[in-house]
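For reference, the chains in residue letters:
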Amino acid sequence: MIDRRTFGKVIGAGAAGTAAASLVGLSGPAAAASSSSGPGAENAATALTPNSGGRSFPMLKQVRAGELIVGYAEAGPADGPAVILLHGWPYDIHSYVDVAPLLAAQGYRVIVPYLRGHGTTTFLSATTFRNAQQSVIAYDIIALMDALRIKKAVFGGFDWGSRTADIIAALWPERCRALVCVTGYLITNREKNKLPLPPAAEWAWWYQYYFATERGALGFEKYRHDFAKIIWHNVSPSWNFDDATFDRTAAAFNNEDYVPIVIHNYRWRLGLAQGDPRYDGIEARLAAAPAIAVPAITLDGELDPFTPAGDGAAYRGKFTGPYDHRTLKGIGHNVPQEAPEAFARAVLDVDRF
């Protein structure tokens, strides 16, 4: 386990005290239990935490990885077991600003990268196709692991981050020691995406259809911050974030590639934009819905409009290894920021399966 002096150097003395105090809850039974089953179930916490708009990662790094210069935050000892935490949209690395120090305090090397089009992650070439199909984002993370000489890591993710972590766990299990993913199995099958959902489910995805139009692309470009704030309120109805918390993340949307990447991602999912033919083979494998055999914990936010009914039953069959599911009561879509202790607890537990 990392000692207090090293921990203070990694995440700053002020944050260290907060994290160390929170670790008391992580090492014992949670004050508030979630609906859960399987190993570690009794430790799943759901309590809402205070806003963290005043805190941030003390230092960001960059590394050349594949066709990108990847910006990322790092916490914990350099020789600790690696944990890679992947954010979603419209979010950024600060979804994990409270999770990372909790894991660093337990001796993990925590890597939190900006996905392509976000924050300080940039393309090496101005002529590179601003591609956001699911497989290329997974390749970005594999390239990052290679650049940082990380052979294997525990992955945690939500939204785009869950999809990316699922892909790596399914296709490159030798790089994934264990997995924590919000909303379970999110690997995209574009043919199935052509089928309509019940109206209530379609309503939650309204922005996909907005992005499918040129009016939507122009509106997103013009109102990118206002757009994100509406999404935050809609998908996390109980999360009382303040302006400082939102503004800290919204800075990541000023990346010049942000709009092209987001628009391409959603249009590609609906079959309205082409990907890169170099990834056709890998996409065919993903369309077959490969199972995930690494140890996994899936998390659902009770108030997340994207949470499928059935307490994880909709995707249970896709996880064939050691497994646990936890539904976090009173929590919405941005699970790691709304319930950081529960997310960190899941990472610790899955690594012990």
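Described in the following lines is the structure provided in the data block. From a predicted model like this one, the values you see are computed outputs, not experimental measurements.

What counts, and where the lines are drawn
- Residues numbered from 1 in each chain as written.
- Predicted model: local features only at pLDDT ≥ 70, side-chain atom pairs only at ≥ 80, totals over all residues.
- Heavy atoms only, no water.
- Helix = DSSP H or I, 4+ residues; strand = E, 2+ residues; numbered from the N terminus.
- Buried < 20%, exposed > 50% of the residue type's maximum accessible area, 1.4 Å probe, protein only.
- Contact = heavy atoms within 4.5 Å.
- Areas by Shrake-Rupley, 256 points an atom, 1.4 Å probe, with all protein chains shown as cover.
- Expected span 1.5 Å × (residues − 1).
- Pairing = 2+ DSSP bridges.
- Right-handed = clockwise from strand over helix to strand, strands pointing away.
- Core = buried A, V, L, I, M, F, W, Y, C linked by side-chain atoms within 4.5 Å.

1. Focus: the overall build of the chain
Here comes step 1: Within the chain, the regular secondary structure consists of 14 helices and 10 strands.
Here comes step 2: Put simply, the chain has 353 residues, and 59% of those count as buried.
Here comes step 3: In the chain, once contacts between residues fewer than 6 apart in sequence are set aside, the share between residues at least 24 apart is 78%.
Here comes step 4: Split by element, the accessible area of the chain, about 14,000 Å² in all, is 56% carbon and sulfur.

2. Let's talk about helix α5 (residues 160–171)
An α-helical turn contains 3.6 residues, so a residue and the one three or four places further along point in the same direction.
Here comes step 1: With 12 residues, α5 extends 17 Å from end C-alpha to end C-alpha; this agrees with the ideal 16 Å at 1.5 Å per step.
Here comes step 2: Burial analysis of α5 places 12 of its 12 residues in the buried class, the great majority of the element.
Here comes step 3: Turning to α5, its buried residues are Trp160, Gly161, Ser162, Arg163, Thr164, Ala165, Asp166, Ile167, Ile168, Ala169, Ala170 and Leu171.
Here comes step 4: On its buried face, α5 is in contact with β4 (82–86), α4 (134–147), β7 (153–157), β8 (176–182), α11 (258–269) and α12 (280–287).

3. Some points on the pairing of β4
Here comes step 1: Within β4, five of the five residues are buried, which leaves it mostly tucked inside the rest of the structure.
Here comes step 2: Where burial is concerned, the two faces of β4 agree: the one with Ala82, Ile84 and Leu86 and the one with Val83 and Leu85 are both buried.
Here comes step 3: Across three bridges, the pairing between β4 and strand β5 (residues 109–113) is parallel. Directly across from Ile84, in β5, lies its bridge partner Ile111.
Here comes step 4: After leaving β4, the chain enters helix α3 (residues 99–104) and then returns to the sheet as β5, a path that is right-handed.
Here comes step 5: Direction of pairing for β4 relative to β7: parallel, over a ladder of five bridges. Bridge pairing in β7 links Ile84 to Phe155.

4. Brief notes about the nonpolar core
Here comes step 1: The biggest cluster of nonpolar side chains holds 106 residues, and the ones touching the most others in it are Trp89, Leu103, Phe155, Leu179 and Phe343.
Here comes step 2: In terms of residue count, α4 provides more of this core than any other element does, eight residues in total.
Here comes step 3: Not counting the four nearest positions on each side in its chain, Phe343 is found in contact with Leu85, Tyr96, Val99, Gly156, Gly157, Val180, Val182, Leu299, Val335 and Pro336.

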